[in-house]
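Letter by letter, the chains look like this.
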Amino acid sequence: MEHYLDNSATTVVSVNAAKKAYEIMTENYGNPSSLHLKGMYAEQELVKARRTVAKTLAASSDEIFFTSGGTEANNAALLGTAQAKKRRGNKIVVSSIEHSSIIETAKKLENDGFDVVYINPRSDGAIHKEDVLNQIDSSTILVSVMSVNNETGAVMQISDIFSAVKAKNSEVVCHTDAVQAFGKLTLNARKMNADLISVSGHKVHAPKGCGALYIKKGVRIVPFHYGGEQEGRIRPGTEALPLIAAFGTACDEFKIDENYRKIKLLNDYARKNLANIDGVVVNSAENALPYVLNISAGRVRSETMLHFLEEFDVFVSSGSACAKGKPSHVLQAMGIDKNRADSALRISFSKYNTTDDIDELCRGIEQGLKVLAHR
Amino acid sequence: MKEILLLKDGEIVLKGLNRRSFEDVLKKNLKYALRSLGSFEITSAQSTIYVKPLSESIDLDEACDRVSRVFGIASFSRAAVCEKTIESVLETVPVYLEKELNAVKTFKVEAKRSDKRFPLKSPEICRETGGEILSKFPHLKVDVHNPELTVNVEIRDFGAYIHGEPHKGAGGIPVGTGGKAAILISGGIDSPVAAYMMAKRGIQLTAIHFASPPYTSRRAEDKVVRLLRKVSKYAGSMTMYTVPFTKIQEKIKEECPEELFTIIMRRLMMQISSKIAERNDCLALVTGESLGQVASQTIGALACTDDASDMLVFRPLIGMDKQEIIDISYRIDTYNISIEPYEDCCTVFTPKHPRTRPVLKYVKEAQEKPNFEPLVEEAVNNLKVTHISAEDE
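Predicted model, so just to flag it, every value in this text is computed and none were measured.

(A) Local environment of the pattern of salt bridges. Residues and elements named next belong to chain A. All chains considered together, the criterion is met by 50 salt bridges over all chains. Here E231 makes a salt bridge to R50, at a shortest N to O gap of 2.9 Å. Here E231, found in the loop between β8 (211-215) and α8 (241-252), pairs with R50, found in helix α2 (residues 37-56); they are 181 residues apart in sequence, far enough to count as distant. For E231, a relative accessible area of 7% gives the class buried. Using a relative accessible area of 16% as the deciding quantity, one classes R50 as buried. For R88, the salt bridge identified is with E171, shortest N-O distance 3.5 Å. Taken together, the positions of R88 in the loop between α3 (70-85) and β3 (91-95) and E171 in the loop between α6 (158-168) and β6 (173-177) put the pair 83 residues apart, joining distant regions of the chain. Because the salt bridges share partners, they merge into one network encompassing K20, E23, E45 and K48.

In structure tokens:
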């Protein structure tokens with residue numbers, strides 16, 4: 001049996017979401033922009049999906065803009081805001097533990113002449129309000145802090161951070177990459193004080209290739225794609241309706257509180273059992289999101305252990321899947337020493353996991369630590 | 001319009017009585033390279049190989065691309081075939097070379113008349129053709145010393161051929177005429193280049209790759225397969241043997257001094273490789289080593305590695321700079337695969353301070369104590385065999 005414990009990388013598509021995509025591809029395949037009836041039926045699906053996604057953020061439909069995923073939403077947020085606000089100021093504040101789609105975009109803006117400041121986490125892996133606030137001044141135009149870190153599960157107090165930022169300079173646009181929090185924590189765009197929120201479908205049992213950017217009413221970003229009038233001109237091009245509708249279906253299936261309780265128990269179970277294995281240390285903080293558990297196993301390199309676990313049909317990740325093989329910049333920023341970071345594994349859960357998966361994981365790690373040569 | 005590829009033999013022309021056998025191999029290699037594109041008739045005469053497509057629908061652009069990677073060809077031209085009359089030549093030239101002629105300001109005509117029954121002599125053909133071109137393309141001037149374009153008219157036994165500037169061929173000598181050798185391939189930048197260079201000298205390759213799962217991943221092995229497919233476009237199809245190397249590496253790690261890990265590992269690789277090579281009738285091993293590039297490639301380290309096997313070892317990159325190697329890897333299109341970041345067995349247990357001047361006597365002693373022999377036997381008897389063909393790309 002397969003033990004898929006890499007749900008922060010991607011998730012299995014729910015049966016209903018897959019069915020929805022299939023239905024849209026084979027029956028309701030019209031172009032939402034077409035004037036005829038077939039187009040209208042397609043448009044209705046689009047409207048429905050948008051409403052569902054909006055609801056998960058307690059936002060209104062016209063604040064949701066579908067994108068190809070989290071990376072595109074993050075790009076649109078940063079580049080679009082920088083472009084829109086460049087006359088107002090030059091300073092951009094991001095955390096150093098962001099996903100590469102923020103870090104790399106920030107570097108590009110740095111090359112373009114923006115003054116980009118990177119905020120490091122404290123030892124709990126989280127970004128703290130005071131550290132952000134220190135960097136806010138009259139020239140600051142944008143702050144981007146992720147809601148939950150993808151490697152450690154560290155939860156940022158987004159609402160606190162953003163309200164403090166706004167109190168100091170109300171002109172600052174606040175963006176959060178909520179990809180890892182979406183569907184796992186109850187999100188409310190207003191309460192978060194966010195102007196822009198990025199979310200992604202494939203982390204929540206929707207297909208890959210679809211995400212959304214929440215843009216608070218009244219906030220303007222400059223698009224970097226041009227074409228038709230779709231998605232309020234922010235993201236022109238015929239909508240990927242099979243993916244978008246499936247995304248909507250997946251959001252309809254959210255049971256945030258119920259799943260949270262379940263995953264919390266699973267995480268506790270994993271922490272308890274992993275603690276019994278000699279050589280395993282937990283890197284995630286106690287108060288991290290239970291969906292993600294970052295550990296280091298002995299002094300076996302992440303990649304080696306990961307491949308060893310394949311033999312048990314156990315799939316975990318070394319840091320973030322987008323960083324393929326590179327040492328984790330997040331763990332380094334947390335001040336975790338190189339050896340420990342080199343042997344880090346990220347275990348990430350979904351509602352489909354059971355204690356069986358964790359038992360097999362523990363069995364695999366235990367055996368790996370016995371037979372694999374240490375560095 | 002009917003077209004044909006005219007290929008000029010490279011070094012082969014210098015061969016004496018063996019020349020026919022070289023040409024036969026070359027024709028066979030061409031046939032193999034082109035076979036998935038359709039049927040061709042491949043014949044040779046007067047140190048030229050004629051590649052004639054037997055159907056109009058054959059993609060000749062792709063055929064040229066493939067021919068450009070077949071070793072043994074100095075240059076090649078894509079030519080129009082016309083009747084062996086001056087009228088037909090004059091009619092064909094301006095049509096077939098219209099684009100080329102429009103793109104330049106100066107030209108000259110070169111004629112070859114190997115069929116002496118043709119009524120006009122070469123200078124006369126040039127004159128007639130040049131006149132015709134000038135009348136159709138008034139912007140052109142003749143420049144016999146430094147023309148931007150040379151228009152070639154060849155009157156041969158089988159027909160008349162019209163073509164512009166010839167393309168550079170891959171050079172070298174035909175793969176298979178130089179015997180067999182085994183390349184040790186890791187997945188880095190160097191070994192695919194070494195493989196390419198030996199294939200260029202006519203060597204038929206067998207590939208040997210060392211895999212240490214779970215320290216190395218399936219992706220690392222897959223990467224090597226993809227690299228070899230790129231090399232296959234030049235070197236022809238080959239067999240790849242994957243050696244299960246985990247136990248040996250673990251034993252090295254456990255029982256040998258750390259600073260000698262790499263040297264001992266490489267010695268064992270050479271031992272295993274020469275056994276595999278012998279079984280496959282290979283007369284030599286090929287490695288991508290380049291002097292002084294890393295600790296295991298100093299003259300002292302290479303002396304220790306070399307001692308591990310009696311077999312002849314080719315190191316075609318030995319005197320090259322990294323940048324020169326990278327330039328070739330770009331050209332043969334392996335670079336972007338080589339730089340993918342998967343761990344290979346050479347980087348699994350790298351010592352912090354490897355010995356750069358190892359002494360053979362001590363290395364041998366360190367290798368003797370743990371008994372590697374049974375593990376070597378086990379590895380050699382459990383090879384995984386993969387067939388590599390450029391067409392699977």
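(B) Molecular detail of the sheet that holds strand β15 (residues 384-388) of chain B. Residues and elements named next belong to chain B. Taken in spatial order, the 6 strands of this open sheet run β14-β13-β10-β11-β12-β15, and their pairing is mixed. Each edge of the open sheet carries a strand with a single partner, namely β14 (312-314) and β15. In this sheet, adjacent strand axes meet at a mean angle of 30° when their direction is disregarded. Here 5 bridges tie strand β10 (residues 180-184) to strand β11 (residues 204-211), and the two strands are oriented parallel to one another. Paired with K180 across the strands is Q204, a residue of β11. Across the face of the sheet, helix α6 (residues 190-200) comes into contact with β10, β11, β13 (284-286) and β14 while running at roughly 170° to β10. The strands touched by helix α7 (residues 218-235) are β11, β12 (238-244) and β15; relative to β12, the strand with the most contacts, the crossing angle is about 155°.

(C) Representation of the sheet that holds strand β10 (residues 292-297) of chain A. All names here are of chain A. The 3 strands lie next to each other as β9-β10-β12, forming an open sheet whose pairing is antiparallel. Because the sheet does not close on itself, it has two edges, and the strands there are β9 (280-282) and β12 (344-348). Averaged over all adjacent pairs, the angle separating strand axes in this sheet is 30°, with direction ignored. Against the sheet, helix α9 (residues 256-275) contacts β9, β10 and β12, and its axis sits at roughly 10° relative to β10. Sheet strands touched by helix α10 (residues 302-310): β10 and β12. Its angle to β12, the strand with the most contacts, is close to 45°.

(D) Structural context of the interface of chain A and chain B. At the interface, 11 residues of chain A touch 12 residues of chain B. When the two sides are added together, the surface that chain A and chain B hide from each other amounts to roughly 1100 Å², 50% of it contributed by carbon and sulfur. Run the count over chain A and chain B and you get 0 salt bridges. Summed over the shared surface of chain A and chain B, the result is 0 residue pairs in polar contact (both at pLDDT 80 or more). The greatest single-element share of the side of chain A that touches chain B, amounting to 4 residues, is contributed by α10(A).

(E) Local environment of the side chain of E45(A). Looking at where E45(A) falls in the secondary structure, it is placed in helix α2. When neighbours within four sequence positions are excluded, E45(A) is seen to be in contact with K20(A), E23(A), I24(A), N28(A), L241(A) and A245(A).

(F) Quick look at the side chain of N74(A). All names here are of chain A. Mapped onto the fold, N74 is located in helix α3. Note on N74: relative accessible area 1%, which makes it buried. In terms of polar contacts, N74 uses its side chain to reach the side chain of S198, at 2.7 Å. Those residues in contact with N74 that sit more than four places away from it in its chain are S101, I102, H175, D177 and S198.

(G) Structural view of a nonpolar patch on the surface. All names here are of chain A. A contiguous nonpolar patch, built from L37, M40 and Y41 and spanning about 290 Å² of accessible area, is present on the exposed surface. Among the structural elements, Y41 can be located in helix α2. Residue class for Y41 comes out partly exposed when judged on its relative accessible area of 42%.

(H) Spotlight on the pairing of strand β1 (residues 3-9) of chain B. Residues and elements named next belong to chain B. Where burial is concerned, most of β1 is hidden: 6 out of the 7 residues are buried. As judged from the 4 bridges shared by β1 and strand β3 (residues 48-53), these two strands associate in the antiparallel manner. In the sheet register, L5 faces β3, and the bridge partner there is V51.

(I) Spotlight on the state of the cysteines. A full pass over the atoms with the stated rule returns 0 disulfides over all chains. For the unlinked cysteine C256(B), the closest cysteine sulfur is that of C304(B), found at 13 Å.

(J) A look at the nonpolar core. By size, the foremost hydrophobic cluster in this structure holds 121 residues, and its most contacted members are F247(A) and I365(A). It is helix α9 (residues 261-279) of chain B that contributes the most residues to this core, 10 residues altogether. When sequence neighbours within four positions are dropped, the list of residues in contact with F247(A) reads V53(A), F66(A), F182(A), V199(A), S200(A), G201(A), V204(A), A206(A), P207(A), C210(A), G211(A) and A212(A). Core analysis: the second largest hydrophobic core is formed by 34 residues, A181(B), V193(B), V225(B) and A284(B) among them.

What counts, and where the lines are drawn
Residues numbered from 1 in each chain as written. Chains lettered and ligands numbered in written order. Predicted model: local features only at pLDDT ≥ 70, side-chain atom pairs only at ≥ 80, totals over all residues. Heavy atoms only, no water. Salt bridge = Lys/Arg side-chain N within 4 Å of Asp/Glu carboxyl O. Helix = DSSP H or I, 4+ residues; strand = E, 2+ residues; numbered from the N terminus. Buried < 20%, exposed > 50% of the residue type's maximum accessible area, 1.4 Å probe, protein only. Pairing = 2+ DSSP bridges. Axes fitted to C-alpha atoms, helices over the stretch in contact; angles between N-to-C directions. Contact = heavy atoms within 4.5 Å. Buried area = accessible area lost by both parts, 1.4 Å probe. Polar contact = N/O pair within 3.5 Å; in protein donor to acceptor, adjacent residues only side chain to side chain. Patch = residues over 30% accessible without salt bridge, like charges linked within 9 Å, V, L, I, M, F, W, Y side chains within 5 Å. Areas by Shrake-Rupley, 256 points an atom, 1.4 Å probe, with all protein chains shown as cover. Disulfide = S-S within 2.5 Å. Core = buried A, V, L, I, M, F, W, Y, C linked by side-chain atoms within 4.5 Å.

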